[in-house]
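Here is how the chains run, residue by residue.
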Amino acid sequence: MSRRQLERGTALRGMVSPRGIVPLGADFPPDGSGPDSDCSILHLDMDAFFASVERLRDPGLADTPVIVGGTGPRGVVSSADYLARARGVHSAMPMARALRLCPDAAVRSPRGGAYREVSRAVMEILRSVTPLVQPLSLDEAFLDVSGARRRLGGPVRIAAMIRDRVRREQGLTCSVGVAATRFTAKLGSTHCKPDGLLLVPTAGVRAFLDPLPVGALPGVGDRTEQALARMGVRTVGDLARYDRDLLRMELGDKHGTRLADLAHGIDDSPVESESEDKSIGAEETFDVDVAEPATVRRELLRLSEKVARRLRASGRMGRTVSVKLRRGDFSTITRARTLPDATDVGREINAVARDLYAESGLAGTPLRLVGVRMEGIVPAAGVHRQLALDEQDTGWRDVERVMDRVAERFGPGAIQSAVLAKRDENDV
């Protein structure tokens, strides 16, 4: 792919395959010094999210248009897949009209719990890349990957890796825009849907923005668009060329200045991460489905220790342990148990996780994914555990804190539980 194509904001399709990342070529060197060198903002948007989750839950819908929404006399469309969209169906459309346009569609009522579960897993992938994640809804989020570049490479490589993980771990596709500003990244993801990746390098921002209708800019609603049309402003390029002072007189000082800046690709709004996670978890998707209970228990131990390290690093503890178990057909169950006292000890978390797995009835069932999560998060400083008269302090919390310090100095693989170090998984 040539630099000239990149400067025009060309969609980078075909860079990620279901089996892994396709080499990105000389335009995107591993050190991040390519045309994306100053484009650290990503916008991820899941493709037809609700409908895609429904198709994932029912493989029989593979070639059938899928519409999610209310089915009553006043029902409206919440989400439509791209087969239905090709027939003119879109969100907020009355369901009756949608079915006239696409009578062979499969209609599903919204299942918020299923969508939230998948959304949480996707956001977990994003937070494993950078803590600077700003979810906008269940199916989209901004990321600032400036702090991840040294570890993972340039923004385009990071975006390709994220898309690959979402596809492999969740069985879904997403589109990602990469740019130097939030609003340009968001426009980028919109313009490469579905299943695309679009870089809008700084040098090509105006070439990308100028042809767009002015209504594509955030803050331009119907009324503002009509006012701009009366001024002869119909595209972003028209807006960029319009006299800034006259624009402020027509639209007001604040609004006019903001739109003038956006038309020139200027946007200094930062990615604002959530104040605190309400839960902390970790998941692992196996390369091939795993049925052996010993292997699953080994992975639960690794994930439990990972969750415990994250709790201790954040100065928090949790009371409720939950496990996620996903079969090869993507059907998923979760089990949870609340402890008498909050903990950040991996050994204690793992003991519950193993029990929940044993009680699930899935021991020996091939699993695609397993996960461990702690909920009921509280500050560790406020937790005071009183031992019972016949109870002894095991000292495991102190042991794991020593392991934290060793890992910080020598790397995460420098020290681990003896069970994880064993190559014979039957010893678990």
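Before any of the text, the structure's been laid out above.
Residues numbered from 1 in each chain as written. Predicted model: local features only at pLDDT ≥ 70, side-chain atom pairs only at ≥ 80, totals over all residues. Heavy atoms only, no water.

(A) Quick peek at the environment of V296. Structurally, V296 can be placed in helix α14 (residues 293-314). Distance from V296 to V370, taken between C-alpha atoms, is 7.7 Å for residues 74 residues apart in sequence. Ignoring sequence-local partners within four residues, the contact set of V296 consists of V290, Y357, L367 and V370. (Helix = DSSP H or I, 4+ residues; strand = E, 2+ residues; numbered from the N terminus. Contact = heavy atoms within 4.5 Å.)

(B) The packing of helix α2 (residues 49-57) against helix α5 (residues 112-129), seen in detail. Taken N-terminus to C-terminus, the directions of α2 and α5 make an angle of 100 degrees; their axes are 10 Å apart at the nearest point. If you check the angle between α2 and α5, you find them roughly perpendicular. Facing F49, F50, V53, E54 and R57 of α2, the residues of α5 in contact are A114, Y115, V118 and S119. Partitioning the contact of α2 with α5 into residue classes produces six nonpolar, one polar and two charged. (Axes fitted to C-alpha atoms, helices over the stretch in contact; angles between N-to-C directions. Parallel < 35°, antiparallel > 145°, perpendicular 65-115°, else oblique. Nonpolar A, V, L, I, M, F, W, Y, C, P; charged D, E, K, R; others polar.)

(C) Spatial organisation of the packing of helix α12 (residues 244-251) against helix α13 (residues 253-263). It is the contact of α12 with α13, at a shortest axis distance of 7 Å, that shows an interaxial angle of 135 degrees. With respect to each other, α12 and α13 are oriented oblique. By crossing handedness, the relation of α12 to α13 is classed as right-handed. Contacts between α12 and α13 involve R244, L247, R248 and L251 from the former and D253, H255, G256, T257, L259, A260 and D261 from the latter. In terms of residue class, the contact of α12 with α13 is made up of four nonpolar, three polar and four charged. (Left-handed = near helix turned anticlockwise from the far one by under 90°.)

(D) Up close: α13. Those residues of α13 not exposed but buried are G256, L259, A260, L262 and A263. All buried residues of α13 fall inside an arc of 165 degrees around its axis, so they share one side. Packing partners of the buried residues in α13 comprise α8 (182-191), α9 (205-209), α10 (222-230), α11 (236-241) and α12. (Buried < 20%, exposed > 50% of the residue type's maximum accessible area, 1.4 Å probe, protein only. Arc of directions from axis to C-beta.)

(E) Representation of the nonpolar core within the structure. Core analysis: the biggest nonpolar cluster contains 40 residues, and L42, L44, M46, L126, I162 and V178 have the highest contact counts within it. Every element with two or more residues in this core is listed here: β3 (41-46), α2, β4 (66-69), α5, β8 (140-144), α7 (155-170), β9 (174-179) and β10 (197-199). Looking at this core element by element, the count peaks at eight residues for α5. Setting aside chain neighbours within four positions, we find L44 in contact with V122, L126, D139, E140, A141, I162, C174, S175 and V176. By size, the runner-up hydrophobic cluster in this structure holds 30 residues, among which are I41, F183, V214 and L217. (Core = buried A, V, L, I, M, F, W, Y, C linked by side-chain atoms within 4.5 Å.)

(F) Structural view of the pairing of β9. Buried residues dominate β9, accounting for six of its six residues. A two-sided burial pattern is seen for β9, the buried positions comprising C174, V176 and V178 on one face and S175, G177 and A179 on the other. Sheet topology places β3 next to β9; six bridges connect them, and they run antiparallel. Bridge assignment links H43 to a residue of β9, and that residue is G177. Of the strand pairs in this sheet, β9 and β10 are connected by three bridges, and their pairing is parallel. The residue of β10 that forms the bridge with G177 is L198. Where the polypeptide runs from β9 across α8 and back to β10, its parallel neighbour, the crossover connection is left-handed. (Pairing = 2+ DSSP bridges. Right-handed = clockwise from strand over helix to strand, strands pointing away.)

(G) The sheet that holds β9, seen in detail. Overall, mixed pairing links the five strands, which are arranged β7-β8-β3-β9-β10 in an open sheet. Either end of the sheet is taken by a strand with one partner, and the two such strands are β7 (133-137) and β10. Averaged over all neighbouring strand pairs, the angle between strand axes comes to 15 degrees, with direction disregarded. The sheet contacts of α5 involve β3, β7 and β8, and relative to β7 the element is tilted by about 155 degrees.

(H) Examining the side chain of Q134 more closely. Within the element layout of this structure, Q134 appears in strand β7. A distance of 2.8 Å separates a polar side-chain atom of Q134 from the backbone nitrogen of E272. Excluding anything up to four places from it in sequence, Q134 contacts A141, F142, R182, P270, V271 and E272. (Polar contact = N/O pair within 3.5 Å; in protein donor to acceptor, adjacent residues only side chain to side chain.)

(I) Representation of the packing of aromatic side chains within the structure. The final tally for this structure, using the stated rule, is three aromatic pairs. Plain terms: the ring middles of F49 and F50 are 5.9 Å apart, the flat faces sit at 50 degrees to each other, and that makes the pair tilted. Classification of F49 as buried rests on a relative accessible area of 3%. Note on F50: relative accessible area 21%, which makes it partly exposed. Within the aromatic cluster, the residues linked to one another by ring pairs are F49, F50 and Y115. The aromatic ring of Y82 is capped on one face by R85, whose charged end is 4.5 Å from the ring centroid. (Phe/Tyr/Trp six-rings, centres within 6.5 Å; stacked < 30°, edge-to-face > 60°. Lys NZ or Arg CZ within 6 Å of the ring centre and 35° of its normal.)

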